[in-house]
Amino acid sequence: MTDLEPAPAPPLPVLPVEQRPTHDPYQVYLDSLKSLESKRTMKGALDRIARTQTGDPAATGAWQPWWLLRYEHTIGIRSTLVDYRDPKHPNGYSPSHVNKHLIALRQVLRVCWRMGMMSADEYERAADVKSLDVHRLPAGRNIHRDELAAMLKVCAEDEGPAAMRNAALIAVLYSTGMRRAEAADALLERYDAGERTLRIIGKRGKEREVYISPSAVPILDRWLSMVGTRRGPMFRPIHRTGKIQDGPMTPRAVGYIADRTRRKAGLAPLATHDFRRTHTGDLLDAGVDLATAQRLLGHASPMTTAAYDRRPGRAARAAADRLVLPSPESLRDEEPERSET
């Protein structure tokens, strides 16, 4: 290390059990999150930060002294996340992935302040670590109509309740644009078959209505006839014996079903969120105004909805299509005759 290089942030001390506070700010923060998906995501981020701070590959964020973090620690955590490389991430974490960790870090620091474990000045200084300001194109891709048809076809070719559930799940994901956590939490008592409406709880506990498209209703009805009840989870786990379970599915199980179905259909990789992306793009292509699409999707900002609009990209492609390379034959035709000397 040269004299010009900054010294690394000192590691935080490991608190003896007798010095632990009455309540763990890590757990208090996770308990404040309403959705299981958010809890899983933020828990993973804080556990990963704890491992980078302690050097212990088995560490979690539980009972870590977050309230002792100062600016030199938080900026060091940011630097570690930016510079991280491993075989799974040879090019490092994406800016959005790093920023997700910084959000979790700021929030657990805020909980420490609210619990009286940090002064306002200590909290503001430690939390004053900037997110990465790097523009990346949105991840994911659109699902083409023939791909949707191929996934529904492989479900139709199978027998049993699992195939019917999987077909209904794919039809509902596309026709409503629901997130996978919203699909996992969907309840039958909130579904009005006559109006084709389903009331769901989205991010930050916001409730909204989504609409099942007429083409998806017969597929959903076949599955619901097998469930045989009007209450409880709309989509349920199925035992290997074929028995439909009473409990709900997890968001990860929803993603697994979508991925397994696309693999059986021989399609390129896609994420569960790509159903939402395709739903939004198809709405806007069909002439639905941005405000209506925003309301259906539950976006807080119209800018989020506009990010799924395919029309600007298609206009740009049409503009690029106006450029035509000259052919080699045309170059030979235009070649001037050389004078003999």
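Every value quoted in this text rests on a predicted model; they were computed, and no experiment measured them.

With respect to the overall build of the chain
In terms of helices and strands, the chain carries 15 helices and three strands. Within the chain, the proportion of its 341 residues that are buried is 37%. Within the chain, counting contacts between residues at least 6 apart in sequence, those at least 24 apart form 61% of the total. Summed over all atoms, the accessible surface of the chain reaches about 20600 Å², with 53% contributed by carbon and sulfur.

Considering the sheet that holds strand β1 (residues 191-192)
Within a sheet, adjacent strands bond to each other through the backbone by hydrogen bonds, running parallel or antiparallel. With antiparallel pairing, three strands are arranged side by side in an open sheet as β1-β2-β3. In this open sheet, the two edge strands, each paired with only one partner strand, are β1 and β3 (207-211). The sheet contact formed by β1 and strand β2 (residues 197-201) spans two bridges and is antiparallel. Across the sheet, D192 pairs through a bridge with T197, a residue of β2.

Structural notes on the packing of aromatic side chains
Applying the stated criterion to the full structure yields two aromatic pairs. A centroid spacing of 4.9 Å and a plane angle of 15° characterise the contact between Y84 and Y93, whose relative ring orientation is stacked. Taken together, a centroid distance of 5.7 Å and an interplanar angle of 15° make the contact between W113 and Y123 stacked. Of this pair, W113 sits in helix α4 (residues 95-114) while Y123 sits in helix α5 (residues 120-127), placing them 10 residues apart in sequence. With relative accessibility at 34%, the residue W113 sits in the partly exposed group.

Each value, and the rule that gives it
- Residues numbered from 1 in each chain as written.
- Predicted model: local features only at pLDDT ≥ 70, side-chain atom pairs only at ≥ 80, totals over all residues.
- Heavy atoms only, no water.
- Helix = DSSP H or I, 4+ residues; strand = E, 2+ residues; numbered from the N terminus.
- Buried < 20%, exposed > 50% of the residue type's maximum accessible area, 1.4 Å probe, protein only.
- Contact = heavy atoms within 4.5 Å.
- Areas by Shrake-Rupley, 256 points an atom, 1.4 Å probe, with all protein chains shown as cover.
- Pairing = 2+ DSSP bridges.
- Phe/Tyr/Trp six-rings, centres within 6.5 Å; stacked < 30°, edge-to-face > 60°.

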